[in-house]
Amino acid sequence: MVYRMAENNEEDPLLDKADIEYMLEFETEIFLDIVRSDGLVVAAKGLNLDLVLLNILKVYQDPGNLVLVLNATDAEQKYFDQKLNYQHVYIEHDTGDKRIEEYLCGGIHFLPARILVVDLLKKRLPIDKVTGIVVLRAHRIFESCNEAFVLNLYRQHNKTGFIKAFSNSPQSFTVGFAQVERVMRALFVKDLHLWPRFHALVRSSLKKHEPQVIELHIPISEQMKKLQTYILEIMNNTVKELKRLNPGVELQEVTVENCLIKKFHKILQTQMNDIWHQLSNKSTQLIAELKALRHLLLLMFYSDPISFYSTILEYRKADYARTVDWVLSQSAELLFRDAKALIYSADKEFDPEFCPKWEALLEILKVEIPAEIRKNKSPENTTVLILCSDQRTCYQLNEILSQGPRFYLLHEALKKKVPLNALSSNFKNCSNLPDVAKAEQSNVKPKTRKGAKKMKTDEEAGGSSENIQPSIDEEELEDEDFQSTYILTMSESVLKDFDESSREESILTPFTQMENMNITQVCESITAPKILIQTFKSGENYISLQNNLQMLKPNFIVMYHSNITAVREIEMYEAHRQSDTPLKIYFLIHAGTVEEQAYLTTLRREKEAFEYLIETKASMVVPEDQDGKSDQCMTLQRGSATPEKNTRKGGQAEEPAKRVVIVDMREFRSDLPSLIHKRGIEIEPVTITVGDYILTPEICVERKSVSDLISSLSSGRLYQQCMQMQRFYSKPMLLIEFDQNSHFGWNNQYMISDDDSSFKVQEKLLLLTIHFPKLKIIWSPSPYATAQLFEELKQGKAEPDIGGAIAIGDHDLDLIETKYNSSVYDFVQKLPGITSKNVDRFLRSGINMQAVVQKSEEELRDVLGNPSDAKALHSALHDECSSAKEAQEKPKFSRVPGKSSRGGYWRGKGK
């Protein structure tokens, strides 16, 4: 099928290929810019570049090309594989030999960076034959990650291949000092392409085919306005108290406005991660309280009054209120008092308010959309798509539309055990009330919100046990018991003329025959107008929403929750659809509330991020050799610790000796191998059973993070690993590596339970060093420090034997532990004079300890082959310990003559 291209680019030869799919004008511009030269493309959220990527891959989809794609999710791999007709695309990689065959076949290869690093180091991949590398989610690239390691190895041996990087997260490039410059340096690109939503070409491209948007500003009740005011007052006081306690800390991002956005805590964590250990317990508790208060706002607007009130009751319990200050404030008292008015009337009858959006949604589905269907006279082709932010809301709307809001509220009240002293007249007419009561009496386990079940202490969350914080998060609104899609059908009454008497009738029926059927089959089997309730995904899973829109082809979309990414994806879908009948969208939002403010704040932050990037690009100084295509630049990429060249006697310089570190294959999940390679040390990836890093024939290192160290000490795995290292290496080492973004210290944030307290872990480490006296413990603050330490440990030492390291642990090798009893070997190895060099000779002599005691020093010298070792062993076996009489005759101390009693020193007198 031949697709049309933008009219102003028809003469470009790159666009003459028959299989290039249609792109909008700004997409075509991005495509041409990135194909002609390497660079980094940063687009706004929602302006997904999947079509640009698809056409780029089609340009190079040929056995004569070898293109690697990094950082692609499983959904994206399947999407591109399907769009490329499964030709010359490789997404499943088995063994190393199989991958070698696939590399030689060319085509497009989707690979994890960890696997690709190993293949590059082992020369499985013909790196000089690689056409180029495509990097997705470029904002995640930093100098020590595996993706940067791949690009570094690629540029060392391939100066002509391309590197094209893409990202849809502009705000990620504003965190840290010169973040965009550092990312571009790690990517080896010099060009930066910025495509915000306010770009003139983007605006003109999307304006040609705009959807018909009906924006409904839904007011909230007076009672909800009061509750919103109380929560915002508490949040404001919390922010002021946090800034008062930390006057020397930069907390510009900590505002009530920023607390409303979804990624506030990720931003706060990035800003305060380096000083988190310096914050007091009070400060960390205040940050946790901000999270709890934000969750209350989410519940009030996104959930129902029953869930909001039940959560309020949880916060008022003594175990939580005892350590949290805001619960005892005046605003909190007003909040607790007025929250009852949401579900109880003045007569204390159960009469909860409806969520304001419920009535608007029922009006749209029962009045406006049926009227449009009758007007178009095509009910069998009508699809309504309702988009929500989480699966719990999808379940809630399905229950409301199929059974009614009153039944849902009553059912939730019974599940959450809200007191029902009396029901209002509105609920006494619920026909399904006996069924609800019967279900509750049969002890049916309800689907309750995870965050409302219990409170979680700071100790369980990795903090101090003195503070208590609730285990709540908007991500916990997701429940695996909920379905990803709910489908309802409209009854035939929608074809009739609407009258007021039919307003209360239930015209929506849930579709329950979804087992063993996908959404496409379900939609094809339903002839009546259908309603689908789904979640819109974030930018990480944008392929899901795009596929659903293209597959379902909805006539109406109801945006129940606001989301910038989803709105722009719908705009992109409508612009590509180019239909004469515009897509109709109902956008529901609470005007003048925190929901609207959070939406506007997200827009503002993205605009400020692009303005910052535009200013940075204008003043950016890019080195000429940053693309890595010159021969001189790669010497700088390997770090400043390149070994100096040796000089022969004649003055002629010779090449430095090759330095090698043997690395276990499983260690490539960490950043350390990349940093070691940057210091000019070659990496040999092999599968070894003893240790993680072999630096020299004598030095073996077992690397442990703090969390891994605690679990290894508890399970006893570390004891076995140290035993193996001590048997085969004379200098075993245990490396305890801390996170470079956290505090370099031993504190309670690493403790996972009371049993693994800081003191007990240190006790176990002490016992470990006593049992293995040769074991050296290395404390490293970061992988950077570890790489420098490894280089210093290798100076002047012999290089490790790769074959020997692989053979250790092999059952076919005749090792010491296979020839002798392991307990006897461990005992003998601890004797004075017994070393790793003579232990095998000593054990092969076939003598027992009784014969050893009877031998003279000269005879032991013949056995051990070293007079000093023989003397040490003979002295340890035959010299007597000091007796009690000798202990009493120890030299006494007296003052040296000529020295004053104050300024003199003391010396022991001999016999």
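Preceding block: the structure.
No experiment lies behind these values; they were computed from the predicted model shown. (Residues numbered from 1 in each chain as written. Predicted model: local features only at pLDDT ≥ 70, side-chain atom pairs only at ≥ 80, totals over all residues. Heavy atoms only, no water.)

A. Fine view of the nonpolar core. Counting residues in each nonpolar core, the largest one holds 101 residues, and the members touching the most others are L40, L116, F166, L187, I676 and Y693. The contact partners of L187, leaving out residues within four places of it in the chain, are L40, V135, A138, I141, L151, I163 and A165. Counting 86 residues, the second largest nonpolar core, distinct from the first, contains Y302, I386, C388 and Y395. (Core = buried A, V, L, I, M, F, W, Y, C linked by side-chain atoms within 4.5 Å. Buried < 20%, exposed > 50% of the residue type's maximum accessible area, 1.4 Å probe, protein only. Contact = heavy atoms within 4.5 Å.)

B. Structural context of the packing of aromatic side chains. The full count for this structure, using the stated rule, is 14 aromatic pairs. Aromatic pair W326 and F336: ring centres 6.3 Å apart, planes at 40°, arrangement tilted. Of this pair, W326 sits in the loop between α14 (318-321) and α15 (330-339) while F336 sits in helix α15, and the two are 10 residues apart along the sequence. By relative accessible area, which is 4% here, W326 ends up buried. Taking the relative accessible area as the measure of exposure, F336 reaches 2% and is therefore buried. Seen from their ring centres, F354 and W358 are 6.1 Å apart, and the 50° between their planes marks the pair as tilted. (Phe/Tyr/Trp six-rings, centres within 6.5 Å; stacked < 30°, edge-to-face > 60°. Helix = DSSP H or I, 4+ residues; strand = E, 2+ residues; numbered from the N terminus.)

C. Fine view of the sheet that holds strand β4 (residues 107-110). Read across the sheet, 7 strands follow the order β3-β4-β2-β5-β6-β1-β7 without closing on themselves; strand pairing throughout is parallel. The open sheet has two free edges, formed respectively by β3 (89-90) and β7 (192-195), since each of these has just one partner strand. As judged from the 4 bridges shared by strand β1 (residues 39-43) and strand β6 (residues 162-167), these two strands associate in the parallel manner. Each residue of the ladder has a partner; that of V42, found in β6, is S167. Those strands touched by helix α7 (residues 179-187) are β1, β5 (132-135), β6 and β7, and its axis lies near 135° from that of β1. (Pairing = 2+ DSSP bridges. Axes fitted to C-alpha atoms, helices over the stretch in contact; angles between N-to-C directions.)

D. Seen up close, the packing of helix α9 (residues 222-245) against helix α12 (residues 281-302). The geometry of α9 relative to α12 is characterised by a closest axis approach of 10 Å and an angle of 165° between their N-to-C directions. One finds that α9 runs roughly antiparallel with respect to α12. In the crossing of α9 with α12, the sense of the turn from one axis to the other is left-handed. Residues M224, L227, Q228, I231, L232, I234, M235, T238, V239, E241, L242 and L245 of α9 form the contact with α12, whose own contacting residues are K282, S283, L286, I287, E289, L290, L293, L296, L297, M300 and F301. (Parallel < 35°, antiparallel > 145°, perpendicular 65-115°, else oblique. Left-handed = near helix turned anticlockwise from the far one by under 90°.)

E. Representation of the packing of helix α16 (residues 356-376) against helix α17 (residues 391-403) in the model. Running from amino to carboxyl end, α16 crosses α17 at an angle of 60°, the nearest separation of the two axes being 11 Å. Classed by the angle they form, the pair α16 and α17 counts as oblique. At the point where α16 passes α17, the crossing takes the right-handed sense. On the side of α16, the interface is formed by W358, L361, L362 and L365, while α17 contributes Q396, L397, I400 and L401. A class-by-class count of the residues in the contact of α16 with α17 yields 7 nonpolar, 1 polar and no charged. (Nonpolar A, V, L, I, M, F, W, Y, C, P; charged D, E, K, R; others polar.)

F. A look at the sheet that holds strand β13 (residues 508-510). With mixed pairing, 7 strands are arranged side by side in an open sheet as β8-β16-β15-β9-β14-β12-β13. The sheet terminates laterally at β8 (212-217) and β13, the two strands that pair on one side only. With strand direction ignored, the average angle separating the axes of adjacent strands in the sheet is 20°. Bridge count between strand β15 (residues 556-559) and strand β16 (residues 584-589): 4 bridges; the pairing is parallel. Residue pairing across strands places F556 opposite K584, the latter belonging to β16. Where helix α23 (residues 564-577) meets the sheet, it contacts β9 (383-388), β15 and β16, and its direction lies at approximately 165° from that of β15.

G. Quick peek at a nonpolar patch on the surface. Among the surface-exposed residues, L766, L767 and I770 lie close enough to one another that they form a single nonpolar patch of about 330 Å² accessible area. Within the secondary structure, I770 is located in helix α29 (residues 758-771). (Patch = residues over 30% accessible without salt bridge, like charges linked within 9 Å, V, L, I, M, F, W, Y side chains within 5 Å. Areas by Shrake-Rupley, 256 points an atom, 1.4 Å probe, with all protein chains shown as cover. Salt bridge = Lys/Arg side-chain N within 4 Å of Asp/Glu carboxyl O.)

H. Main features of the pattern of salt bridges. In this structure the tally under the stated criterion is 30 salt bridges. In this structure, the salt-bridge partner of E791 is R679, at a minimum N-O distance of 2.8 Å. In this pair, E791 sits in helix α30 (residues 783-794) while R679 sits in the loop between α26 (672-678) and β20 (682-686), placing the two residues 112 residues apart along the sequence. Overall, R679 belongs to the partly exposed group, its relative accessible area being 22%. The partner of E737 in a salt bridge is R703, with the nearest N and O atoms 3.1 Å apart. In this pair, E737 sits in strand β23 (residues 731-737) while R703 sits in strand β22 (residues 699-705), placing the two residues 34 residues apart along the sequence. Judged by its relative accessible area of 7%, E737 falls in the buried class. Taken together, the salt bridges that share partners define one network made up of R392, E412, K415 and K416.

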